[in-house]
Amino acid sequence: FMAYGNHASITEDIPKTQQALVKDIRRGYVLIMDPWLTFFVPNLHRTPLGMVDLNKLHKNPRPIFDSSFRPAPWAMAINDFTSKLSEPEIVFPLAWIRYLTWLWNLRITYPRLELYLGDDDVSGAFRQVKYNPNLVAMHAFLVFGVLFMSTGQTFGDCTSPANWEPVARNRQQYAQFLWRQASTLAAGMQYLPRLLFAPPPSSAVVTTFVQATPDLLNTGVVDAFGKRNPPQFDHHVDDCFYADTKEFFPLAVASSVLALYLLLGRPSATHRDPVSWEKFEAKVTHRRKAKGYMVDTRAMEVSLPDYKRDQVVELLATWTVRALSLLNIRRCRRRV
């Protein structure tokens, strides 16, 4: 591992790599020290580091801790020391369909009201779950002559998603509990930016709302006693999705943020804010990007964003050119 070093992507854009590493240092996600300590710290394991999303639109560059890499067939990667069988159940793949189901049920209960979409991110989600001190040296890497040791879960360990799930599921349950408490809105508003709701739709626009049909499994968001159910606060890894009418939307945001603070700590001089406010959209509308898709509650549609559609067309055009080139080569060979 020491002879191999890091993946080539580390030096593709050195300023961006340095910026990402400095961010991890400032946030306390890593310890930095003299590289010679490599030879004196017991059970230290140096893993290759790579960079992704260096030139992607709407994505920040991110270091990847390659816990599956083996420089030789006999080498042991960190993921080889673990077993998924003993880890918590992973449920986040179901979050997206559950969120869309919640939107469908909202439209059943509120056929003529605007449905507003929202979500918030956890800052450094995996990093919030800390390693046992005995495992910190095992998550070491060397970049630009500095030895790093990760104090929290990395983006690369196969156990990281599973061990984030208990935090996400606890937050979900906590937020639903807080949603039912009378004091939650006032307690949460002190942390929230001013929500800017888009102008309400006209009567003519309301008549164009696509309606949802109830069935045995989807009957709306009101229980058998006529009380409103809380949003589901579905988590797709670090993204918490919610949606509601204008009346209940601020309560949903307050419940989500308060639940996270009660689990991971409120922001203070000695504790970093666990909410990623730089990604939070204070302007609330019926149309929003979520999980890489555009969701529209008036049309009840899910679609690709324009830039992703352009990327797909560009990729298809590239492969079309390659396919034509291969076809011409084959034709030339046949003639010869």
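See above for the structure.
As the structure is a prediction and not an experimental result, all values here were calculated from the model.

**Student:** Even after reading the chapter, I still don't get the side chain of arginine 127, so can you show me in this structure?
**Tutor:** Note that arginine 127 resides in helix α3 (residues 125-128). Of the polar contacts made by the side chain of arginine 127, one reaches the side chain of aspartate 24; its length is 3.0 Å. Other than its neighbours up to four places away in sequence, arginine 127 contacts Asp24, Tyr29, Val30, Ser150, Gly152, Gln153, Thr154 and Phe155.

**Student:** It is not clear to me how the packing of aromatic side chains should be interpreted in this structure. Could you clarify?
**Tutor:** In this description, a pair of aromatic rings is defined by centroid distance and the angle of the planes. This model, assessed by the stated rule, comprises 17 aromatic pairs. Ring geometry for tyrosine 191 against tyrosine 261: centres 4.9 Å apart, planes inclined by 70°, an arrangement best described as edge-to-face. With tyrosine 191 in the loop between α6 (184-189) and β7 (196-197) and tyrosine 261 in helix α8 (residues 249-264), this residue pair connects regions lying 70 residues apart in the sequence. In this structure tyrosine 191 comes out as partly exposed when scored by relative accessible area, which is 24%. Overall, tyrosine 261 belongs to the buried group, its relative accessible area being 2%. Clustering of aromatic rings is evident, with ring pairs tying together Tyr116, Phe197, Phe233, Tyr242 and Phe249.

**Student:** Looking at this structure, I do not really get a nonpolar patch on the surface. What am I missing?
**Tutor:** A contiguous nonpolar patch, built from Met2, Trp36, Leu37, Phe39 and Phe40 and spanning about 610 Å² of accessible area, is present on the exposed surface. Here tryptophan 36 shows up in the loop between β1 (30-33) and β2 (49-52).

**Student:** It is not clear to me how the pairing of strand β4 (residues 116-121) should be interpreted in this structure. Could you clarify?
**Tutor:** Residues in a regular strand point their side chains to alternate faces of the sheet. Extensive coverage of β4 is indicated by the burial of six of its six residues. The two faces of β4 match: Tyr116, Gly118 and Asp120 on one face and Leu117, Asp119 and Asp121 on the other face are all buried. Where β4 meets strand β9 (residues 239-244), six bridges bridge the pair, whose relative direction is antiparallel. Looking across to β9, one finds that aspartate 121 is bridged to aspartate 239.

**Student:** Can you help me understand helix α5 (residues 160-179) in this one?
**Tutor:** Helical geometry: 3.6 residues make up each α-helical turn, so side chains three or four residues apart lie on a common side. Compared with the 28 Å implied by 1.5 Å per residue over 20 residues, the 29 Å span of α5 between its first and last C-alpha is a close match. Regarding α5, the residues found buried are Ser160, Ala162, Trp164, Glu165, Val167, Ala168, Arg171, Gln172, Ala175, Gln176, Leu178 and Trp179.

**Student:** Just to check I follow, could you spell out the sheet that holds strand β6 (residues 146-150) for this structure?
**Tutor:** To summarise the sheet geometry, strands pair through backbone hydrogen bonds and adopt either a parallel or an antiparallel arrangement. Ordered by their spatial adjacency, three strands build an open sheet running β1-β6-β5, and the pairing between neighbours is antiparallel. Whereas interior strands pair on both sides, the edge strands pair on one side only; in this sheet they are β1 and β5 (140-143). Each neighbouring strand pair of the sheet contributes to a mean axis angle of 30°, computed without reference to strand direction. Note: β5 against β6, four bridges, orientation antiparallel. Bridge assignment links leucine 142 to a residue of β6, and that residue is leucine 147. Packing against the sheet, helix α1 (residues 14-26) makes contact with β1, β5 and β6, and its axis sits at approximately 105° to β1.

**Student:** Which parts of the structure should I look at to understand the nonpolar core?
**Tutor:** Note on soluble globular proteins: their nonpolar side chains tend to be buried together. If you look at the biggest cluster of nonpolar residues, it comprises 45 residues, and the most contacted ones within it are Leu106, Trp164, Tyr242 and Val253. Listing elements by their share of this core, those giving two or more residues are α2 (95-109), β4, α3, α5, β9 and α8. The element contributing the most residues to this core is α8, with eleven residues. Those residues within four positions of tryptophan 164 in sequence are excluded, and the remaining contacts are Val122, Ala125, Phe126, Gln128, Val129, Gln153, Val237, Asp238 and Leu264. Membership of the second largest hydrophobic core comes to 13 residues, among which are Leu49, Leu54, Ile78 and Phe148.

**Student:** Is there a simple way to explain the environment of serine 276 in this structure?
**Tutor:** Tracing the backbone shows serine 276 in the loop between α8 and β10 (283-284). For the pair serine 276 and glycine 124, spaced 152 residues apart in sequence, the C-alpha separation works out to 8.3 Å. In this view, serine 276 contacts Asp121, Val122 and Ser123; residues no more than four positions away in its chain are not counted. Within the local environment of serine 276, its side chain forms a polar contact with the side chain of glutamate 278, the two groups lying 3.1 Å apart.

**Student:** Just to check I follow, could you spell out the sheet that holds β9 for this structure?
**Tutor:** Pairing is antiparallel in the open sheet, where three strands are placed in the order β4-β9-β8. A strand with exactly one partner marks an edge of an open sheet, and here the two such strands are β4 and β8 (234-236). For this sheet the average axis-to-axis angle between neighbouring strands, irrespective of direction, equals 30°. Of the pairings in the sheet, the one linking β8 to β9 comprises three bridges and is antiparallel in character. Residue pairing in the sheet places histidine 236 in a bridge with aspartate 239 of β9. On the sheet, α2 packs against β4, β8 and β9 and is oriented at approximately 10° with respect to β9. Along the sheet, α8 contacts β4 and β9; its crossing angle with β9, the most-contacted strand, is approximately 160°.

**Student:** What am I meant to see in α2 here?
**Tutor:** The end-to-end C-alpha distance of α2, which contains 15 residues, comes to 21 Å, matching closely the 21 Å that a straight helix rising 1.5 Å per residue would cover. Within α2, the full set of buried residues consists of Ala95, Trp96, Tyr99, Trp102, Leu103, Asn105, Leu106, Arg107 and Ile108. Buried residues in α2 make contact with β4, β8, β9, β11 (287-290), β12 (293-296) and β13 (301-303).

How each quantity is defined
- Sequence order as written defines residue numbering, which begins from 1 separately in each chain.
- Only residues with pLDDT of at least 70 are given local features in this predicted model, and only at 80 or more are side-chain atom pairs given and counted; all residues enter the totals for whole chains, interfaces and linings.
- For side-chain calculations, the full set of non-hydrogen atoms in the structure is used, while hydrogens and water are omitted.
- Every helix listed is a DSSP run of H or I at least four residues long, and every strand listed is a run of E at least two residues long, numbered separately from the N terminus.
- Each polar contact in these results corresponds to two N or O atoms within 3.5 Å; when the atoms are within protein, one needs to be able to donate a hydrogen and the other to accept it, and residues that are neighboring in sequence are counted only if both atoms are side-chain atoms.
- In what follows, residue pairs with any heavy atoms lying within 4.5 Å of each other are defined as contacts.
- Between 30 and 60 degrees the pair is tilted, below 30 it is stacked and above 60 it is edge-to-face, where a pair is any two Phe, Tyr or Trp rings, Trp via its six-membered ring, whose centres lie within 6.5 Å.
- Between buried and exposed lies partly exposed: a residue is buried under 20% and exposed over 50% of the maximum accessible area for its type, with that area taken using a 1.4 Å probe on protein chains only.
- Patch definition: residues with relative accessible area over 30% and no salt bridge; like charges joined within 9 Å; nonpolar side chains (Val, Leu, Ile, Met, Phe, Trp, Tyr) joined within 5 Å.
- Residue-level accessible areas treat just the shown protein chains as cover; the underlying method is Shrake-Rupley with a 1.4 Å probe.
- The working definition used for a salt bridge is a side-chain nitrogen of Lys or Arg within 4 Å of a carboxyl oxygen of Asp or Glu.
- When DSSP finds at least two bridges between two strands, those strands are taken to pair.
- One less than the number of residues in a helix, times 1.5 Å, gives the span that helix is expected to have.
- Axis definition: a line fitted to C-alpha atoms, over the contacting stretch in the case of helices. Angles run 0 to 180 degrees between N-to-C directions.
- Throughout, nonpolar core names a set of buried Ala, Val, Leu, Ile, Met, Phe, Trp, Tyr and Cys residues whose side chains join them through atoms within 4.5 Å.

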